[in-house]
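An overview of the molecular structure
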Amino acid sequence: MSSNVTVPQIEASKVANGAKPLVMVTAYDAPSARVADAAGVDMILVGDSVAMVVLGYDDTLQVTVDDMAHHVAAVARAKPAPLIIGDMPWMSFHVSVEETVRNAATLIRAGAQCVKVEGGRKRIKMIEAIRAAEIPVIGHVGLTPQSANVMGGFKIQARDAHDVRRTIAAAKGLQAAGCFALVVEGVPDIAGQMITDAVDIPVIGIGAGPKTDGQVLVYHDVIGLENRFKPRFVRRYGTAFEDQVESLTNYTSDVRSGAFPGRDETYKTSDDLAESLGLYGSQPT
Ligand code: KIV
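Residues numbered from 1 in each chain as written. Predicted model: local features only at pLDDT ≥ 70, side-chain atom pairs only at ≥ 80, totals over all residues. Heavy atoms only, no water.

**With respect to the site of the ligand**
Surveying the vicinity of the ligand reveals the residues Thr26, Leu45, Gly47, Asp48, Ser49, Asp87, Lys116, His140, Val183, Glu185, Ile206 and Val218. Between the ligand and the protein, one listed contact pairs an oxygen atom with a side-chain N or O atom of Asp87 at 3.2 Å. One of the side-chain nitrogen or oxygen atoms of Lys116 is found 3.0 Å away from an oxygen atom of the ligand. Contact with the protein chains hides 95% of the accessible area of the ligand, taken as 260 Å² for the molecule alone. (Near = heavy atom within 4 Å. Polar contact = N/O pair within 3.5 Å; in protein donor to acceptor, adjacent residues only side chain to side chain. Areas by Shrake-Rupley, 256 points an atom, 1.4 Å probe, with all protein chains shown as cover.)

What follows is the structure in structure tokens.
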């Protein structure tokens, strides 16, 4: 998709209607936003996964609206063409409609063009209110990491027919509430396909099989910077952790051996300065 991807463009991207699968990746800072832009992805999700992959927490429950706004702003400063999605963190859309709308607005003012809200039918009231404030919303069903304590961990969802039907009903409800796209996470491939077929808005999968309208992965998983744990649905396209260790190991070794900095990395002392310091003819080589 070309420059400055818009919400209506994404909303119209249904594979069943001939669209190409959508590409979403997370990013949390300006350099990764520039990389995602240069790679031509359609959407950048400033996900609350920042808590785990960047800030070192064990779950996503620790980040606040201010944390998310900080990272959204960093991504937005790169002025990337992909649509910027601000992830609403836990407790930012659970207390009251007023607080929910204000929190969504904080992410928009930080530079997001839309927000994402985790959870099924019980989020409908809040999603309608955000939408009524002219803020586009993406829903998120299936494995919702903010519910990890209720789910007993990061567990695959929709594993029986009842749960598949419940998740499809939730997806339809979120579409009716005004969501322009959905993320479906951590469900068997048949559930990913049935949810995708059940709604007219694009469904972006993560661990939901190949029959969705697009895919999303966490940036650090794609480039191989997160190398501690690889969920089944992740494909690593790089070895960033190993590459960066190699770079820093070479730097360390060069500093210790005196090989860095060399002449090309040094501001030379001018003859005038050397003379005025009484060092003429004895500058360092
Ligand atoms: O925060 C995040 O990275 C997400 C994706 C896993 C969809 O919500």
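**Remarks on the domain arrangement of the protein**
The domain architecture assigned to the protein consists of domain 1 (7-238) and domain 2 (243-276). Domain 1 and domain 2 are separated by 44 Å when their C-alpha centres are compared. (Domains from an automatic or database assignment.)

**What about the sheet that holds strand E6 (residues 181-185)?**
A barrel is described by the order of its strands in space; here 8 strands give the closed sequence E1-E2-E3-E4-E5-E6-E7-E8, paired in parallel fashion. Neighbour-to-neighbour, the strand axes of this sheet turn through a mean angle of 25°, independent of strand direction. For strand E7 (residues 203-206) and strand E8 (residues 214-217), the ladder comprises 2 bridges, and the chain directions are parallel. When the bridges of E8 are listed, Gly205 appears paired with Gln215. Sitting on the sheet, helix H8 (residues 161-177) touches strand E5 (137-142) and E6, and the angle it makes with E5 is about 175°. (Pairing = 2+ DSSP bridges. Helix = DSSP H or I, 4+ residues; strand = E, 2+ residues; numbered from the N terminus. Axes fitted to C-alpha atoms, helices over the stretch in contact; angles between N-to-C directions. Contact = heavy atoms within 4.5 Å.)

**Quick notes on unusual backbone geometry**
Here the amide bond leading from Phe260 into Pro261 is cis, since omega sits at 0°, within 30 degrees of zero. Looking at the secondary structure, you find Pro261 in the loop between helix H11 (240-257) and helix H12 (271-276). At Met91, a position not held by glycine, the phi torsion is positive, near 75°. Inspection of the secondary structure assignment puts Met91 in the loop between strand E3 (83-87) and helix H5 (97-110). According to the relative accessible area criterion, Met91 is partly exposed, its value standing at 38%. (Buried < 20%, exposed > 50% of the residue type's maximum accessible area, 1.4 Å probe, protein only.)

**With respect to the pattern of salt bridges**
Within this structure, the stated rule accounts for 5 salt bridges. The residue Arg166 makes a salt bridge to Asp163 at a minimum N-O spacing of 2.7 Å. Of this pair, Arg166 and Asp163 both sit in helix H8, 3 residues apart, roughly one helical turn. Overall, the relative accessible area of 46% leaves Arg166 in the partly exposed class. Two residues, Arg228 and Glu226, come together in a salt bridge whose shortest N-O distance is 2.6 Å. Look at Glu226 and you get buried, because its relative accessible area is 11%. (Salt bridge = Lys/Arg side-chain N within 4 Å of Asp/Glu carboxyl O.)

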